[in-house]
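Descriptive analysis of the structure
What follows is the residue order along each chain.
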Amino acid sequence: MYIEEAKNFVGQEVEIKGWLYNSRSSGKVQFLLVRDGTGIMQCVISQNDVGERLFKDAEKVTQESSLIVKGIVKQDERAPGGFELVIKDLTVVQIASDYPISPKEHGVGFLMENRHLWLRSRRQWAILRIRSTIENSLREFFNERGFILIDAPILTPAAAEGTTTLFETDYFGVPAYLSQSGQLYMEAACMAFGKVYCFGPTFRAEKSKTRRHLTEFWMLEPEIAYITFEENLQLQEEMISFVVKKVLANCKEELKIIGRDTKPLEKVDPPFPRIHYRDALEILRQKGKELKWGDDFGGDEETLISNEFDKPVFVHHFPEGMKAFYMKPDPLEPQTVLAADLLAPEGYGEIIGGSQRIDDYNLLLQRIKKNNLNLENYKWYLDLRKYGSVPHGGFGIGLERTLAWIAKLPHVRETIPFPRLLEKIYP
Ligand code: 4AD
Ligand code: MG
């Protein structure tokens, strides 16, 4: 039996294969908190039931030792989780000695060095289960809507999101880069399949230490032929609200373990407010932050703006040239581009970046040159504007930032099983 299925086994004899999470003893009875990956269950062992030898064996089981227990499942309101196992037999698989993470408080540096073990603790368990739910519900959202999953390459010859954050590797004597984004490839794919998405790891050599930046993070990127800018924003708000609802429905216990107040999440229904970049500057000015037209927002600015709203908020129409080379100018307002960032509430800031893409050959050529990109590497990308070019757009949602917000975590380092940060690649 897995612990999460305990309610189906009340009164029956079962076997649980797991590890000792914690234990306490009161003379002739010991309470073993056993975890099996699906949950934690209190298992009671008494000398009268099992005899002295087994009882003594149980006393030797240390934290994180592996063990198999057999016993009867009992419903018990006082037990954590509502069920308890009355142990009849116990087999020790391996005794763990000096497990480094004791139940006392540890510093983050120490825990990060022991990330491979830290994953076993209840809070990390809860966070990464929410991550799994978010990933699955994102896939479900796009699969239900007929999107085709197209896997983007990781080794790429050129930059998608600026040349300053490229990780270079040696590809048989020529430089290649770890992918910053699958977008350019999704643009090719959407001309073949209509609506597509990729979901994979992306890499950026971010040289700043912040609570929002990883050097390896996961991004889901849909791309849709013939979509309009407004339809693109609607897709994003429907997706976010779908994912939040799935987490609220499927991760009740996990949210409780991490102490997440779910009230703010219950408000996340479309439509989300939309504010023009110009008005975002005005909000910042009122808060005492003077930015010039064309200045990009950092984490602090995003926090100030998102704190103004109790739902995610779109900031749209950034000045032309401020963001990526492929963004399409708005014909009605050519000094700006048809792009939007979605800022998460509660001060979290950007979780999505999206835009309409330039579909005109000559304009794209001009932008590639203006950004000093090597034209040779973008010939295939320009081809897409030569052979049946159509208006199209899409976006990228960062999984870790989305999870940081939904779980209300202070830092992205807990949102990914093995975080890669500036100066951090172990374990
Ligand atoms: O805004 P970005 O750079 O957009 C793109 O990469 C586009 N090509 C997406 C597209 O239109 N297909 O990144 C998108 C999202 C951000 O909003 C953020 O959530 C996440 O990716 N992100 C990061 N997450 C963690 N660490 C980093 N260093 C991140 N950089 C971006
Ligand atoms: Mg962005």
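The model shown is predicted, which means the values in this text are computed figures rather than measured ones. What you see as residue numbers is a count from 1 along each chain, following the sequence as written. The lettering of chains begins at A and the numbering of ligands begins at 1, in the order of writing. pLDDT decides what is reported in this predicted model: residues at 70 or higher carry local features, side-chain atom pairs at 80 or more are listed and counted, and totals for whole chains, interfaces and linings draw on all residues regardless. With hydrogens and water stripped out, all remaining heavy atoms of the structure feed into the side-chain values.

1. Here's the deal with the layout of surface pockets
The gaps of empty space that remain are located by a probe, the size of a water molecule, rolled over the atoms. Cavity and pocket criteria rest on a 1 Å grid covering protein atoms alone: a 1.4 Å probe that fits but cannot get out defines a cavity, protein on both sides within 12 Å along at least 5 of 7 lines defines an open pocket, and an atom within 4 Å of a point defines a lining residue. Grid points are joined across faces, edges and corners, and a volume is the space filled by probe spheres set on the points. Counted as a void, the largest pocket has a volume near 1,200 Å³. If you go around the largest pocket, you meet 45 residues; those closest to its centre are Glu-161, Arg-204, Glu-206, Lys-323 and Glu-350. Segments assigned H or I by DSSP are reported as helices when at least four residues long, segments assigned E as strands when at least two residues long, and all are numbered from the N terminus. Broken down by secondary-structure element, the contributors of at least two residues to the lining of the largest pocket are β11 (216-225), α11 (299-306), β17 (349-356), β18 (392-398) and α14 (399-406). Ranked by the residues each element gives to the lining of the largest pocket, the list is headed by β17, at six residues. Within this model, the second largest pocket holds a volume of roughly 610 Å³. As for the second largest pocket, its lining consists of 25 residues, and the residues nearest its centre are Ile-3, Gly-39, Ile-40, Gly-81 and Glu-253. At the level of secondary structure, the elements contributing two or more residues to the lining of the second largest pocket comprise β2 (29-35), β3 (40-46), α5 (122-144) and α8 (252-257). Among the elements that make up the lining of the second largest pocket, the one with the highest residue count is α8 (four residues). No fewer than three residues from each of domain 1 (3-94) and domain 2 (115-414) sit in the lining of the second largest pocket. Segmentation into domains, and thus their bounds, comes from an automatic or database assignment.

2. Comments concerning the side chain of Gln-236
Within the secondary structure, Gln-236 is located in helix α7 (residues 229-250). A relative accessible area of 1% means that Gln-236 is categorised as buried. Looking at Gln-236, its side chain comes within polar contact range of the side chain of Asn-232, at 3.0 Å. Any two residues whose heavy atoms approach within 4.5 Å at even a single point are treated as in contact. Those residues in contact with Gln-236, other than ones at most four positions away along the chain, are Phe-314, Leu-342, Ile-352 and Phe-395. Here the term buried applies to any residue with accessible area under 20% of the maximum for its type, exposed to any over 50%, and partly exposed to those in between, with areas from a 1.4 Å probe on protein chains only. Polar contacts, as counted here, are pairs of nitrogen or oxygen atoms within 3.5 Å of one another; within protein the pair requires one atom able to donate a hydrogen and one able to accept it, and residues that are adjacent in sequence qualify only if both atoms are side-chain atoms.

3. Thoughts on the site of ligand 1
The nearness test applies per residue and asks whether one of its heavy atoms lies within 4 Å of the molecule or strand. In the neighbourhood of ligand 1, 22 residues make up the surrounding shell, with Glu-161, Gln-183, Arg-204, Glu-221 and Glu-350 lying closest. Contact distances for ligand 1 include 2.9 Å between an oxygen atom and a side-chain N or O atom of Arg-357. In this description, a molecule resides in a pocket or cavity if more than half of its atoms sit within 2 Å of the grid points defining it. With respect to the detected pockets, ligand 1 is housed in the largest pocket. Among the elements of the structure, β11, β17 and β18 are those that each provide at least two residues to the shell around ligand 1. Here the nonpolar group is Ala, Val, Leu, Ile, Met, Phe, Trp, Tyr, Cys and Pro; Asp, Glu, Lys and Arg are the charged ones; every other residue, Gly included, is treated as polar. Looking at the shell around ligand 1 residue by residue, the classes come out as seven nonpolar, seven polar and eight charged.

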